[in-house]
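# Observations on chain architecture
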Amino acid sequence: MSTPLVPRSVRGLPLRRRHDKAPPFPHLPIAAPPAMLRRASCTALAGAALLLAGCASLSPEGDAPQALSLVQGQPLVGDARPQRRPDTASAAQAEALLARPLDQQAAVRIALAQSPRMQAAFAALQLSDAERAEAATLPNPVFSFSRLREGRELELDRLISFNVVGLLTLPWRARWADQRQEAARLDAAQAVLQLAADTRRAWLRAVADRQSALYLHDVRDAAEAGATLAQRMQKAGNWPALQAAREQLQQADAQAQSARAEQAATASREALVRLLGLDGAQAARLTLPDRLPDLPASLPADADLQAQALRDRLDLRAARADAAATAEAQGLTRATRLVDAMELGVARNTTFTNDIDRGRSTQRGWEIGLPIPLFDFGQARSAQAEARYLQAAARVRGVALAAASEVREAEAARRHAWQIAHRYQAEVLPLQRQVNDEMVLRYNAMGASVWQLLAEARASARTVDAAMQAQRDFWLAEVDLQMALTGSSPAGLSALRGAGTGSALASTTNEGGH
């Protein structure tokens, strides 16, 4: 609470006698005439009405429905329904989805329903809504009471004071709080999209690693069979030691690659489990498909993706909301540059005389406290507010430029990834199968040895593994493009979270409020 420039009571002054005409506190125009008292009562009633109107209410469900409306229909979310906290229905849905091999969309449903990250995002939104309600509510009035005694006289002073500047700037602060809450909704929607995108990436990596581990397991078995055959032939004297050592080396390498693939599959599976928010029992029931989805036959026709990103990107919308809130705070700072604190109080003082007459007198009046701008004219606060607005405007431009660039990069990455994966599927793998078939025919016709057949099988394994990695990269690029179109860059809203305009408004309201 700011201290009024004029004191409400001064200890050490003589108390008023009944025959005194001057009030004990000359700075208070007390003992006002009835007309003034009526006007003061009307002013008090009007202030009370405005006080009741300034009590902002909290949004139902922590403002989650409005945030979720921003992500409805987004490709990354699909038909999943984000929830603030897990319930019986979400647990039953998760059990039903885990009863069969988990596809990509089912993984998103589970993650948005019971992931701890989702609960933390909605808790942050609820906290922001509470801060909005607090910012749009007037400070409580302050009641002051003093008891003074001199000799046989007793004086009781009572004062109720109100923050007038806070009352006058309430509509402005309410608009500012609403704009800050809009940025918080966009932040929560961004968290939903980010979790959905991370879940899709984790699912793709887990399935791709599982597919690779299964395939390399077969390669390891073939290498072990070749090494066993080489050892037998070497013992029979039909195979040189050098060739047998080479086959054993191939076996050891295949075993190492298989073990490495199994470890990668386990790590990617556990990463997916963490994103889904599964406990140990649920994680044990999680099963994944054996292979990735097929490539699309073709990519969609080119659209104006940059315009779509500038229209739909949540981080860009949040930057604009932040700039608007900063502009509101700048206007409030300019309006209260000279007078940033004002207190109005209603006083009622009663004096008791402990003499024969048992006299009692009451004084009523009002008090105002107003800072005198002798040294601080508010230039520093105005300069700070202007600098914050310039920062916010620069962030809007920076996010817009980054959005357009990231969409171009993500679209090019998706196109190149599709071309590579499609070439493997349409050209490389068919040619590899043809080579394998020809090698088998030559082996059956005694035109090729079993060692040549095994060598060709190892070359084929490398080609198939590269094709699977290319297929995985395409689907990851697809997720990255959708995130660049609707969500944000990997940095997301981190810059906006640390660049709030709260300090601009706080510097104004704290000096004039309690």
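Remember, predicted model here, so these are calculated numbers, not experimental data.

The helix and strand inventory of the protein chain stands at 15 helices and four strands. Burial analysis of the protein chain (514 residues in total) assigns 42% to the buried set. If you take every contact in the protein chain between residues at least 6 apart in sequence, the share linking residues at least 24 apart comes to 83%. Surface exposure of the protein chain reaches about 26,900 Å², of which carbon and sulfur atoms provide 57%.

A separate point is the confidence of the model for the protein chain. Averaged over all residues, the pLDDT of the protein chain is 75; the fraction at 70 or higher stands at 74%. Here helix 15 (residues 502-512) is the element of the protein chain with the lowest mean pLDDT, 39, and helix 4 (residues 104-114) is the one with the highest, 92. Per-residue pLDDT stays below 50 along residues 1-46; that stretch engages in 72 contacts with residues further than four places along the chain or on separate chains. With pLDDT under 50 throughout, residues 48-54 is counted as low confidence; its partners more than four residues away or in other chains account for ten contacts.

A word on the pairing of strand 2 (residues 153-163). The element strand 2 is extensively covered by neighbouring structure, given that nine of its eleven residues are classed as buried. As paired elements, strand 1 (residues 142-150) and strand 2 share nine bridges and run antiparallel to each other. Each residue of the ladder has a partner; that of Ser-146, found in strand 2, is Asp-157. A loop of two residues connects strand 1 with strand 2, the two strands running antiparallel in sequence, and Gly-151 in this loop sits at a positive phi of about 65°.

The periodicity of an α-helix, 3.6 residues per turn, causes residues three or four positions apart to be oriented the same way. Compared with the 52 Å implied by 1.5 Å per residue over 36 residues, the 52 Å span of helix 8 (residues 241-276) between its first and last C-alpha is a close match. Those residues of helix 8 that sit buried are Ala-244, Glu-247, Gln-251, Ala-254, Ser-258, Ala-261, Ala-265, Ser-268, Leu-272, Val-273, Leu-275 and Leu-276.

With that settled, consider the packing of helix 4 against helix 7 (residues 170-235). Running from amino to carboxyl end, helix 4 crosses helix 7 at an angle of 135°, the nearest separation of the two axes being 9 Å. On the basis of their axis angle, the class for helix 4 and helix 7 is oblique. In this structure, helix 4 crosses over helix 7, and the sense of that crossing is right-handed. Contacts between helix 4 and helix 7 involve Gln-104, Gln-105, Ala-107, Val-108, Ala-111 and Leu-112 from the first element and Val-192, Leu-195, Ala-196, Thr-199, Arg-200, Trp-203 and Leu-204 from the second.

Another aspect to go through is the pattern of salt bridges. Where charged atoms of side chains with opposite charge meet at close range, the side chains can pair. The full count for this structure, using the stated rule, is 16 salt bridges. Note that Arg-313 is salt-bridged to Asp-315, the shortest N-O span being 2.9 Å. Residue Asp-315 is classed as buried on the basis of its relative accessible area of 3%. The partner of Arg-472 in a salt bridge is Asp-473, with the nearest N and O atoms 3.0 Å apart. One salt-bridge network, held together by shared partners, links Arg-117, Asp-198, Arg-201 and Asp-480.

One can find Gln-250 in helix 8. Taking the relative accessible area as the measure of exposure, Gln-250 reaches 30% and is therefore partly exposed. Once the C-alpha coordinates of Gln-250 and Gly-226 are considered, the two residues, 24 residues apart in sequence, prove to be 8.8 Å apart. Not counting the four nearest positions on each side in its chain, Gln-250 is found in contact with Ala-223 and Arg-458.

Right, let's talk about the nonpolar core for a bit. Val-77, Leu-102, Ile-110, Leu-112, Leu-272, Leu-276 and Leu-286 are the most contacted members of the largest nonpolar core, which totals 59 residues. The element contributing the most residues to this core is helix 7, with 15 residues. Contacts of Ile-110, omitting those with residues within four sequence positions, involve Ala-94, Leu-97, Leu-98, Leu-102, Ser-115, Leu-276 and Leu-278. Leu-305, Val-407, Ala-410 and Leu-485 belong to the second largest nonpolar core, which has seven residues in total.

Secondary-structure assignment places Leu-429 in helix 12 (residues 379-444). Residue Leu-429 is classed as buried on the basis of its relative accessible area, which comes to 13%. Along the primary structure Leu-429 and Thr-463 are separated by 34 residues, whereas in three dimensions their C-alpha atoms are 7.3 Å apart.

Our focus in this paragraph is the side chain of Ser-90. For Ser-90, the position within the fold is in helix 3 (residues 88-98). In this view, Ser-90 contacts Gln-83, Ala-113 and Gln-114; residues no more than four positions away in its chain are not counted.

Residue placement: Asp-129 occurs in helix 5 (residues 116-135). Classification of Asp-129 by relative accessible area gives buried; the value is 2%. In this view, Asp-129 contacts Leu-58, Ser-59, Asp-63 and Gln-181; residues no more than four positions away in its chain are not counted.

The next subject is the environment of Arg-147. Within the secondary structure, Arg-147 sits in strand 1. For the pair Arg-147 and Thr-351, spaced 204 residues apart in sequence, the C-alpha to C-alpha distance is 9.8 Å. Contact partners of Arg-147, with chain neighbours within four places excluded, come to Leu-154, Glu-155 and Leu-156.

Procedures and definitions
Residues numbered from 1 in each chain as written. Predicted model: local features only at pLDDT ≥ 70, side-chain atom pairs only at ≥ 80, totals over all residues. Heavy atoms only, no water. Helix = DSSP H or I, 4+ residues; strand = E, 2+ residues; numbered from the N terminus. Buried < 20%, exposed > 50% of the residue type's maximum accessible area, 1.4 Å probe, protein only. Contact = heavy atoms within 4.5 Å. Areas by Shrake-Rupley, 256 points an atom, 1.4 Å probe, with all protein chains shown as cover. pLDDT = per-residue confidence, 0-100. Pairing = 2+ DSSP bridges. Expected span 1.5 Å × (residues − 1). Axes fitted to C-alpha atoms, helices over the stretch in contact; angles between N-to-C directions. Parallel < 35°, antiparallel > 145°, perpendicular 65-115°, else oblique. Left-handed = near helix turned anticlockwise from the far one by under 90°. Salt bridge = Lys/Arg side-chain N within 4 Å of Asp/Glu carboxyl O. Core = buried A, V, L, I, M, F, W, Y, C linked by side-chain atoms within 4.5 Å.

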